[in-house]
Amino acid sequence: MEGKILAVNISEKKGVIKTPIDEGYFKIDHGLVGDAHAGNWHRQVSLLGIESINKMKALGIEGLCTGKFAENLTTEGIVLYELPIGTKLQIGETIQEVTQIGKECHVGCAIFQQIGSCIMPLEGIFTKVLKEGTIKPGDTISVIE
């Protein structure tokens, strides 16, 4: 199973929309260097598929783009939320392990406040970094085990 990275997104504060960057460095036991959500915990990196974002667009919600759901990595080609916890992914130079599917939306979520709904709690996934390295748009994401 293989897909690609459409965007790498970062924010300095929690609860805000992330901004796309040219590339990011993902560190073991940390996540995306410089991102507010990074740290030594099970939700170091957040991923959301463009397919999920397109579901929200299909509801007539305008202005949605990568990073709006506070995801670090926007992907295409893999149904992320169907991956079992423990799945290992090769993403760019990194290897990451799926640690959580979905989440409880936090109070003050920018998207929920704007439109009253959010796909991230249902279809976003979280990973921890097992092998560090750089990820940039256009890199491959593939299931390795």
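Note: the structure precedes this text.
Residues numbered from 1 in each chain as written. Predicted model: local features only at pLDDT ≥ 70, side-chain atom pairs only at ≥ 80, totals over all residues. Heavy atoms only, no water.

Caption draft 1: Looking closely at the pairing of strand E11 (residues 140–143). Bridge count for strand E1 (residues 2–10) against E11 is three bridges, and the pairing is antiparallel. Across the sheet, glutamate 2 pairs through a bridge with serine 142, a residue of E11. Where strand E7 (residues 88–91) meets E11, three bridges bridge the pair, whose relative direction is antiparallel. Bridged to glutamine 90 within E11 is serine 142. (Pairing = 2+ DSSP bridges. Helix = DSSP H or I, 4+ residues; strand = E, 2+ residues; numbered from the N terminus.)

Caption draft 2: Broad picture of the pattern of salt bridges. Tallying each qualifying case throughout the model produces four salt bridges. Note that lysine 18 is salt-bridged to aspartate 35, the shortest N-O span being 2.7 Å. One end of the pair, lysine 18, is in the loop between E1 and strand E2 (19–21); the other, aspartate 35, is in the loop between strand E4 (31–32) and strand E5 (45–49), and 17 residues separate them in sequence. In terms of burial, lysine 18 and aspartate 35 fall into one category: buried. Here lysine 88 and glutamate 145 are joined by a salt bridge, their closest N and O atoms 3.9 Å apart. Taken together, the residues span a long stretch of sequence, with lysine 88 in strand E7 and glutamate 145 in the segment after E11 at a distance of 57 residues. Its relative accessible area of 22% is what places lysine 88 among the partly exposed residues. Given the relative accessible area of 61%, glutamate 145 is considered exposed. (Salt bridge = Lys/Arg side-chain N within 4 Å of Asp/Glu carboxyl O. Buried < 20%, exposed > 50% of the residue type's maximum accessible area, 1.4 Å probe, protein only.)

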